[in-house]
Amino acid sequence: MAQAPTPPGYVHVYIAKIKPDKLATYEKLAKQWADAFRKEGGENWITIQQQIGDYNTIAFVSFRKSWGDLDKLPNDREILTKAYGKQEAENIFKTASECELSSRIYFRKMRPDLSLRADQNDLARARLTRASYLTIRPGRGPDFEYLVKKVIEANQKLDTKAHFTVSQTLSGGAPSYVIVTTAGAFGDFDYDPGNVIEKAFGTEEANRFRTTIAEVLERGENIVWRIRPELSAPPQEYLAVNPDFWAPKVVAAEAAAEKPAIAARPATKKEKLPKP
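Values in this document were obtained by computation on a predicted structure and should not be read as measured data.

**Considerations on the side chain of Arg-111**
- Along the chain, Arg-111 falls in the loop between strand 4 (100-110) and strand 5 (128-136).
- On the basis of relative accessible area, Arg-111 is assigned to the buried category, the value being 12%.
- Aside from chain neighbours lying at most four places away, what touches Arg-111 is Glu-145, Val-166, Ser-167, Gln-168 and Tyr-177.

The following block contains the structure:
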């Protein structure tokens, strides 16, 4: 079995809120964008769409090794022009911009010291992700990180099946921290170890934990995202680990010999996003 890739140290996210009547158009453009980069190379990203939350919100997520990787990003117009010609490339950029209500870019640092069984948080094999977006009150970051480490300690002590990764926002604004759990299906989220702090450390410690959380947390929001492989340009490692998911049915064309050929996928787009 192929080894799942370990994400580099930084997460680069472009989030776009799409006009409700333009979502289908935006998805077509996103696919066209992804198809161009799959063919020409130069950049990889994973596209996700809110499944429980604002359905018209789409994010493009890339992993970086350092801040310096941002200096090496390819020229999207050149890639699209090479794939479709100058006029079509300009049309993709223009239409994508017209579809968006708003957009924002985030740059976050992965925090393996605040993550639990990160190797099991396997994005390459996932279909869904559940993300907790947590905004921490000024000056309370160290207190929050202490609480996360207590949660990790409790889960390890109880030998639960819980797993998650944590990233910390460096640029782009709130939230301060993002906690992500991957899943193959919604049913995977049914697993609930219960109040691990109380089970592991007792009622008194659990009460202190609840009090501190209330003091530290300014705002929290939980969102479930669906991974959109057809709108993504995944790294080769993802294709090696899970080809049936990340390489949409290219092989099926050979199986259907009696049929003309698999219909070409509708040209789609990936907006002019500085790929997350």
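Having put the structure on the table, let's press on.
**Examining the packing of helix 1 (residues 23-40) against helix 2 (residues 76-84)**
- Interhelical geometry of helix 1 versus helix 2 gives an angle of 85 degrees and a closest axis separation of 9 Å. When the axis of helix 1 is compared with that of helix 2, the two are roughly perpendicular. Facing helix 1, whose interface residues are Gln-32, Trp-33, Asp-35, Ala-36, Phe-37 and Glu-40, helix 2 presents Asp-76, Ile-79, Leu-80, Lys-82, Ala-83 and Tyr-84.
- Its residues assigned to classes, the contact of helix 1 with helix 2 comprises 7 nonpolar, 1 polar and 4 charged.

**A look at helix 6 (residues 203-216)**
- With 14 residues, helix 6 ought to run about 20 Å at 1.5 Å a step, and its terminal C-alpha atoms sit 20 Å apart, in line with that.
- Glu-205, Ala-206, Phe-209 and Val-216 are the residues of helix 6 that are buried. Projected down its long axis, helix 6 shows its buried positions confined to an angular sector of 100 degrees, all on one face. Helix 6 presents Glu-204 and Ala-214 as exposed residues on the side facing more than 90 degrees away from its buried surface.
- In this structure, the buried side of helix 6 is in contact with strand 5, helix 4 (141-158), helix 5 (196-201) and strand 8 (217-227).

**A short note on helix 4**
- Counted at 1.5 Å a residue, the expected span for helix 4 with its 18 residues is 26 Å, and the 26 Å between its end C-alpha atoms agrees.
- Listed in full, the buried residues belonging to helix 4 are Gly-141, Phe-144, Glu-145, Leu-147, Val-148, Lys-150, Ile-152, Ala-154 and Asn-155.
- Looking at the buried positions of helix 4, the neighbouring elements they touch are strand 5, strand 6 (165-171), strand 7 (177-183), helix 5 and helix 6.
- Where helix 4 ends, the next residue or the one after it, Asp-159, has phi of about 55 degrees, a positive value.

**Considerations on the packing of aromatic side chains**
- Taken as a whole and judged by the stated rule, the model has 9 aromatic pairs.
- When the ring of Phe-37 is compared with that of Trp-45, the centres are 5.2 Å apart and the planes differ by 70 degrees; the resulting orientation is edge-to-face. Each member of the pair, Phe-37 as well as Trp-45, carries the same accessibility label: buried.
- Ring geometry for Tyr-238 against Trp-246: centres 5.5 Å apart, planes inclined by 70 degrees, an arrangement best described as edge-to-face. With respect to burial, Tyr-238 and Trp-246 carry one shared label: buried.
- The structure contains a cluster of three or more aromatic residues connected by ring pairs, namely Tyr-10, Trp-67 and Phe-107.
- Between Arg-77 and the ring centre of Phe-93, over which it is positioned, the NZ or CZ distance is 4.0 Å.
- The positively charged end of Arg-108 is found above the aromatic ring belonging to Tyr-106, 4.6 Å away from the centroid.

**Here's the deal with the sheet that holds strand 2 (residues 46-52)**
- Spatial ordering of the closed barrel is given by 1-3-2-8-5-7-6-4, a layout of 8 strands whose pairing is antiparallel. Each adjacent strand pair in this sheet contributes to an overall mean axis angle of 35 degrees, direction not counted.
- In terms of strand pairing, strand 5 meets strand 8 through 9 bridges, oriented antiparallel. Residue pairing for strand 8: Arg-130 is matched across the bridge by Val-224.
- Together, strand 5, strand 6 and strand 7 form the strand contacts of helix 4, whose direction differs from that of strand 7 by roughly 25 degrees.
- Sheet contacts for helix 6: strand 5 and strand 8; angle to strand 8, the most-contacted strand, approximately 90 degrees.

**Considerations on the confidence of the model for the chain**
- In the predicted model, the chain carries a mean pLDDT of 88, and 87% of its residues have values of at least 70.
- Note on residues 251-276: pLDDT is under 50 here. Beyond four places in sequence and across chains, it has 76 contacts.

**What to know about the pairing of strand 5**
- Burial analysis of strand 5 places 8 of its 9 residues in the buried class, which makes it a mostly covered element.
- The pairing of strand 5 with strand 7 spans 7 bridges and is classified as antiparallel. Across the sheet, residue Leu-128 finds its bridge partner in strand 7, namely Ala-183.

**A look at unusual backbone geometry**
- That bond from Ala-174 to Pro-175 is cis: its omega, 5 degrees, falls within 30 degrees of zero.
- Among the secondary structure elements, Pro-175 is positioned in the loop between strand 6 and strand 7.
- Even without being a glycine, Arg-117 presents a positive backbone phi close to 50 degrees.
- Looking at the secondary structure, you find Arg-117 in the loop between strand 4 and strand 5.
- Even without being a glycine, Asp-159 presents a positive backbone phi close to 55 degrees.
- Mapped onto the elements, Asp-159 comes out in the loop between helix 4 and strand 6.

Thresholds, definitions, all that
- Residues numbered from 1 in each chain as written.
- Predicted model: local features only at pLDDT ≥ 70, side-chain atom pairs only at ≥ 80, totals over all residues.
- Heavy atoms only, no water.
- Helix = DSSP H or I, 4+ residues; strand = E, 2+ residues; numbered from the N terminus.
- Buried < 20%, exposed > 50% of the residue type's maximum accessible area, 1.4 Å probe, protein only.
- Contact = heavy atoms within 4.5 Å.
- Axes fitted to C-alpha atoms, helices over the stretch in contact; angles between N-to-C directions.
- Parallel < 35°, antiparallel > 145°, perpendicular 65-115°, else oblique.
- Nonpolar A, V, L, I, M, F, W, Y, C, P; charged D, E, K, R; others polar.
- Expected span 1.5 Å × (residues − 1).
- Arc of directions from axis to C-beta.
- Phe/Tyr/Trp six-rings, centres within 6.5 Å; stacked < 30°, edge-to-face > 60°.
- Lys NZ or Arg CZ within 6 Å of the ring centre and 35° of its normal.
- Pairing = 2+ DSSP bridges.
- pLDDT = per-residue confidence, 0-100.

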